[in-house]
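Summary of the model geometry
Residues per chain, in single letters:
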Amino acid sequence: MEETLKRIEDVLEKEVRPSLRAHGGEIAIDHLEDGVLYVKLLGQCAGCPSADLTNETIVEAEVVKALPELVHKVVVVQTVSDELWEQAKRLLRDHHL
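Values in this document were obtained by computation on a predicted structure and should not be read as measured data. (Residues numbered from 1 in each chain as written. Predicted model: local features only at pLDDT ≥ 70, side-chain atom pairs only at ≥ 80, totals over all residues. Heavy atoms only, no water.)

1. So, the pattern of salt bridges
Selection criterion: Any Lys or Arg side-chain nitrogen found within 4 Å of a carboxyl oxygen on Asp or Glu counts as a salt bridge. Put simply, DSSP marks the helices as runs of H or I at least four residues long and the strands as runs of E at least two long, and each gets a number from the N terminus on.
Within this structure, the stated rule accounts for nine salt bridges. One salt bridge connects K6 with D10, and the closest N-O pair in it is separated by 3.3 Å. On the criterion of helical spacing, the pair formed by K6 and D10 is a turn pair, its members being four residues apart in helix α1 (residues 2-21). In this structure, the salt-bridge partner of E62 is K65, at a minimum N-O distance of 3.5 Å. Of this pair, E62 and K65 both sit in helix α2 (residues 51-66), three residues apart, which is roughly one turn of the helix. Connected through shared salt-bridge partners, E9, E13, R17, R21 and E26 make up one network.

In structure tokens form, the structure reads like this:
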């Protein structure tokens, strides 16, 4: 599995990250299961309204094209950044909600 993830990382680094980084974004592999690659979009890409389009047109297109024997679909795992989570907790504490 480690070699598989390394191959995926290589594709992300060469084909996907440059586009994401140009917009202040980043991507991380969450896990691979039964040919479905689960990823997290980070930075400016996290929670972006265009995240689904970015996944379809850039991430999934490039990874599936390069590694069709390993990945047939890419799914974005929705996450909240630690910074945003702390900010939300602080707001709740401050307003006693």
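More follows now that the structure is in view.
2. A word on the sheet that holds strand β2 (residues 36-43)
As a reminder, the rule being used: Any two strands with at least two DSSP bridges between them are considered paired. Only the stretch in contact is used when fitting a helix axis, every axis being a line fitted to C-alpha atoms; angles between N-to-C directions are given from 0 to 180 degrees. In this description, contact between two residues means that some pair of their heavy atoms is separated by no more than 4.5 Å.
Here three strands make up an open sheet; going across it, the order is β1-β2-β3 and the pairing mixed. Since the sheet does not close on itself, it has two edges, and those belong to β1 (25-33) and β3 (73-76), each with one partner. Taken pair by pair, the neighbouring strands of this sheet meet at an average axis angle of 30°, ignoring direction. By the bridge criterion, eight bridges tie β1 to β2 in an arrangement that is antiparallel. Bridge pairing in β2 links E33 to V36. Contacts from α1 reach β1 and β2, with the element oriented near 155° to β1. Across the sheet, α2 touches β1, β2 and β3, and the angle it forms with β3 is around 145°.

3. Focus on empty space enclosed by the protein
Gaps left between atoms are located by rolling a probe of water-molecule size over the structure's atoms. Which entries qualify depends on this criterion: In this analysis, the protein atoms alone were mapped onto a 1 Å grid. Cavities are point sets where a 1.4 Å probe fits without being able to get out; pockets are open sets with protein on both sides within 12 Å along at least five of seven lines; lining residues have an atom within 4 Å of a point. Grid points are joined across faces, edges and corners, and a volume is the space filled by probe spheres set on the points.
Here the structure, examined in full by the defined rule, presents one cavity of 30 Å³ or more. Within this model, the largest cavity holds a volume of roughly 50 Å³. As for the largest cavity, its lining consists of 10 residues, and the residues nearest its centre are L41, A46, G47, V76 and Q78.

4. Points about the nonpolar core
We apply this condition: In these notes, a set of buried Ala, Val, Leu, Ile, Met, Phe, Trp, Tyr and Cys residues joined through side-chain atoms within 4.5 Å is what counts as a nonpolar core. Burial classification: accessible surface area is computed with a 1.4 Å probe over protein chains only, and a residue below 20% of its type maximum counts as buried, one above 50% as exposed, and the rest as partly exposed.
Core analysis: the largest hydrophobic core is formed by 20 residues, its most contacted members being I8, L12, I27, L37, V63 and V71. For this core, the elements supplying multiple residues, two or more each, are α1, β1, β2, α2 and β3. Looking at this core element by element, the count peaks at five residues for α1. Residues in contact with I8, not counting those within four places in the same chain, are I29, L32, L37, L67 and V71.

5. A look at the packing of α1 against α2
For clarity, the cut-off: Our angle categories are set so that under 35 degrees counts as roughly parallel, over 145 as roughly antiparallel, 65 to 115 as roughly perpendicular, and the remainder as oblique. Here a crossing is taken to be left-handed if its near helix is turned anticlockwise relative to the far helix by less than a right angle, and right-handed if that turn runs clockwise. All residues other than Ala, Val, Leu, Ile, Met, Phe, Trp, Tyr, Cys, Pro, Asp, Glu, Lys and Arg, Gly among them, are scored as polar; the first ten of these are nonpolar and the last four charged.
Packing of α1 against α2 brings their axes to within 9 Å, and their N-to-C directions diverge by 165°. Taken together, the axes of α1 and α2 are roughly antiparallel relative to one another. The chirality of how α1 crosses α2 is right-handed. Counting all contacts with α1, which are made through V11, L12, E15, V16, S19 and L20, the residues of α2 involved are T54, I58, V59, E62, V63 and A66. When its residues are assigned to classes, the contact of α1 with α2 shows eight nonpolar, two polar and two charged.

Any functional reading would require information that these geometric values do not contain.
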